[in-house]
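# Overview (structure and organization)
As a plain string of letters, each chain reads:
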Amino acid sequence: MREVAIIGVGMTKFGELWDQSIRDMFAEAGLKAMENAKVDKIDALYVGAMSSGLYAYQEHLGSLMADYLGQVGVPAVRVESACASGGQAVRLGFMDVASGMHDIVLVGGVEKMWDVEDGTFVLATAADQEYEVYNGVTFPGLYAMIARAYMDRYGLTREELAQVPIKNHKHAVNNPNAQYPFEIDLKQVLNSSMVADPLRLLDCSPITDGAACLILCPLDRAKEFTDKYVKIRGVGVASGPIALHDHKDLTRLEAVHLAAQRAYQMAGVSPNDIDFAEVHDCFSIAEIVVAEELGFFEYGTAGKAIAEGQATYGGKVVINSSGGLKAKGHPVGATGVAQLIEAYLQLTNQAGKRQVPNARLGLTQNMGGSGGSCVIHILEGM
Amino acid sequence: MIGIVGYGAYVPIYRIKSSTIANQWGDDPASIEKGLMLLEKTVPGPDEDTITIAIAAAKNALKRARIDPQKIGAVYIGSESHPYAVKPSGTVLIDALGIGPHVHVADFEFACKAGSEAMFVAYSHVKSGNMDYAMGIGADTSQGAPGDALEYSASAGGSAFIFGRENVVAEVLYTHSFTTDTADFWRREYQMYPRHGGRFTGEPAYFKHILGCGRALLEKSGMKPEDFQYAVFHMPNGRFPLKAGKELGFKQEQMNEGWIVNIMGNTYSGSSITGLTAILDVAKPGDKIFMVSFGSGAGSDGFIFQVTDKILEVQNLAPKTREMLNTPHKVYLDYGKYVAYRKKIHFNEY
């Protein structure tokens, strides 16, 4: 298996992009990535998108985006794994390059979410339709149940839970591509509209339009294109129970644990070696549970650790330096790719004011549903 | 000098509180009151519609104009809730008020800016010398589907303005209109309630047009926000007009007088122009007023007025807008009465 590098990245601003269609956004991000990597031709294309059919009434994204990137003829396919679609697309691109089948592979993710009235309904198609959605529950409700169970078992307070979005908004201030680049305080979180008890509006990641792309190539060819490249050192993927009630433990996301073990093993590193991580904080409780499954903190302690500053600059591991899904925005299909873009920027010392000092190893964790799928990448600076 | 010679508003006596609607649907009343800045809204009585509201407002405008109704050469009613799909509202009004039959009458529709549009055309008639007096009216019994966010704001009321050359109380100094094809809010034939594009109604619709029109109007006039005593904008909720005004450079104190949405709701075609009547009720000679309407679809009409000495003679000749809004006689409805009055439920007909 060949070693694989990321040699260029590009993304749109995340937000309410009323003037851009799904193809506009992907083309902008894709062309930026190609320009950044100094390539004008690609060998293959992978597009991550969760539900372009329901969100933008557009399927067949592989061919569409190849066409609009001026790359007609290349093998091109769309990849779907709910909110982990972007991360899964990166993994397939990685396998494509690692296997020796293709050299220059463009991997992107995109979601146009603001063109429909009821985005929550579309997102809920990633839950179990027959056992969960038909009974009226959508993702805020599912993650609220995780939060309730966690608070009940470990004594996590509402105030501690609020520290997750407060931290991520603080990080987003320095991210020019973030949807909400401003700080929020405890009072605002606790007074925001109730969505699904105990989760309030400011515990929930937003509806976002956006696209993110990166270029992969064999590590031994990276220098032909740029001196700013990173190595994908480990990849781990796992599936989990689709329905929350089938989890053995409501306070656990087992697919995250399984994917992490696989990624750590492949990379030959442990959680203590990771300098920073981009994790899937679709709801504030998710970041807490994920941080534990990744091995950064003991079970039951991540909430308090985050509240004590252990997941920000100067702490044990910087989590979501980009602002995370909560503040950077969450265009679902693009999220997994955008996480790797943040890791690329950190590891090539291009993250500006949000730079993690001496960042050498970064981890990205992208998740579908209530833990139904998880993709983890471990990246190394060169 | 060409401008407003008489103005009048009408506000129904019925109200429903935002908290009553929120409790009906399990929403959080505080987030409506603070988030949308809406405390209560007006509700039309069971025997009120756009025509009766337009007539009541026009009567008040005639009281202030002190002119023979026969001299009015044109009457335009702007509304998105004309009672008839085919048959004009304006014809009822002219017969009720003794205007015509030698009069040009038309009903306008342009979502929430049909009222300012009626004013714009009435003003243009007088400016062109086509006639001595013309009346523009905006009135609505606004629709909002049960359970929709619009239900908190869609209210009832309207205002009428008679334009002329003599005894002008507020001169029109400048106008500007800004229009694009933007489908942020619509109602097709046979549909009971409008549909809207959620947050698409914000930046790409309301703010783009209000700010586009407002900035052009300031540039055209060579005036600055600080030159005005008052500013009023279309009021779909409490927050939008204040944000738009601040972005244009206006201060809160310039907007307070016309900002009636917290206790009136959004009277659609009557929204910004009823805010204008509240300003005229208290304005002093020489005051300048900046007004920009907004109608989905989408467009904005902007007016700059300068109040004259004559204003003091007419302010007390008809009920003032805030007096009607704050009347001790207002009647609060529970949700059941509200849906009955708004004809959202059907009774046996006799």
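The model shown is predicted, which means the values in this text are computed figures rather than measured ones.

## As for the overall build of chain A
In terms of helices and strands, chain A carries 13 helices and twelve strands. For 382 residues, the compact-globule formula gives about 21 Å, and the C-alpha radius of gyration of chain A, at 19 Å, lands near that figure. Across its three principal directions, the C-alpha atoms of chain A cover 55 × 45 × 35 Å. Buried residues in chain A amount to 65% of all 382 residues. Put simply, chain A shows about 13,900 Å² of open surface, and 50% of that area lies on carbon and sulfur atoms. If the 31 positive side-chain charges of chain A are averaged to one point and the 45 negative ones to another, these points end up 5 Å apart.

## As for the packing of aromatic side chains
Counted according to the given criterion, the structure contains 22 aromatic pairs over all chains. Look at A:Tyr180 and A:Phe182: their rings are 5.7 Å apart centre to centre, the planes differ by 55°, and that puts the pair in the tilted class. Judged by its relative accessible area of 42%, A:Phe182 falls in the partly exposed class. Through a chain of ring-to-ring contacts, three or more aromatic side chains come together here, namely B:Tyr206, B:Phe207, B:Phe240 and B:Phe294. The ring of B:Phe110 has B:Lys113 sitting right over it, with the charged end atom 4.2 Å from the ring centre. Directly above the aromatic system of B:Phe207 lies the positively charged group of B:Lys243, at a separation of 4.7 Å from the ring centroid.

## A word on the domain arrangement of chain B
All names here are of chain B. What the domain assignment lists for chain B is domain 1 (3-170 + 318-341) and domain 2 (172-311). Taking only C-alpha atoms into account, the centre of domain 1 sits 16 Å from that of domain 2. The interface of domain 1 with domain 2 comprises 60 residues on the first partner and 54 residues on the second. Broken down residue by residue, the surface that domain 1 buries against domain 2 is led by Met37, Cys112 and Arg322, which jointly contribute 15%. Along the contact surface separating domain 1 from domain 2 lie three salt bridges.

## Notes on the interface of chain B and chain A
Contacts between chain B and chain A engage seven residues on the former and five residues on the latter. Taken together, the two surfaces of chain B and chain A that pack against each other cover about 570 Å², and 54% of this comes from carbon and sulfur. One salt bridge in this structure joins B:Arg199 and A:Glu16, with 2.6 Å as the shortest N-O distance. For the interface between chain B and chain A, the tally reads one residue pair in polar contact (both at pLDDT 80 or more). When residues of the side of chain B that touches chain A are traced back to their parent elements, those giving at least two are strand 10 (195-196) and helix 6 (202-221) of chain B. Of the residues that constitute the side of chain B that touches chain A, the class distribution is two nonpolar, two polar and three charged.

The rules behind these values
Residues numbered from 1 in each chain as written. Chains lettered and ligands numbered in written order. Predicted model: local features only at pLDDT ≥ 70, side-chain atom pairs only at ≥ 80, totals over all residues. Heavy atoms only, no water. Helix = DSSP H or I, 4+ residues; strand = E, 2+ residues; numbered from the N terminus. Rg over C-alpha atoms; globule rule 2.2 N^0.38 Å. Buried < 20%, exposed > 50% of the residue type's maximum accessible area, 1.4 Å probe, protein only. Areas by Shrake-Rupley, 256 points an atom, 1.4 Å probe, with all protein chains shown as cover. Lys, Arg positive; Asp, Glu negative; His and termini not counted. Charge placed at Lys NZ, Arg CZ, Asp CG, Glu CD. Phe/Tyr/Trp six-rings, centres within 6.5 Å; stacked < 30°, edge-to-face > 60°. Lys NZ or Arg CZ within 6 Å of the ring centre and 35° of its normal. Domains from an automatic or database assignment. Contact = heavy atoms within 4.5 Å. Buried area = accessible area lost by both parts, 1.4 Å probe. Salt bridge = Lys/Arg side-chain N within 4 Å of Asp/Glu carboxyl O. Polar contact = N/O pair within 3.5 Å; in protein donor to acceptor, adjacent residues only side chain to side chain. Nonpolar A, V, L, I, M, F, W, Y, C, P; charged D, E, K, R; others polar.

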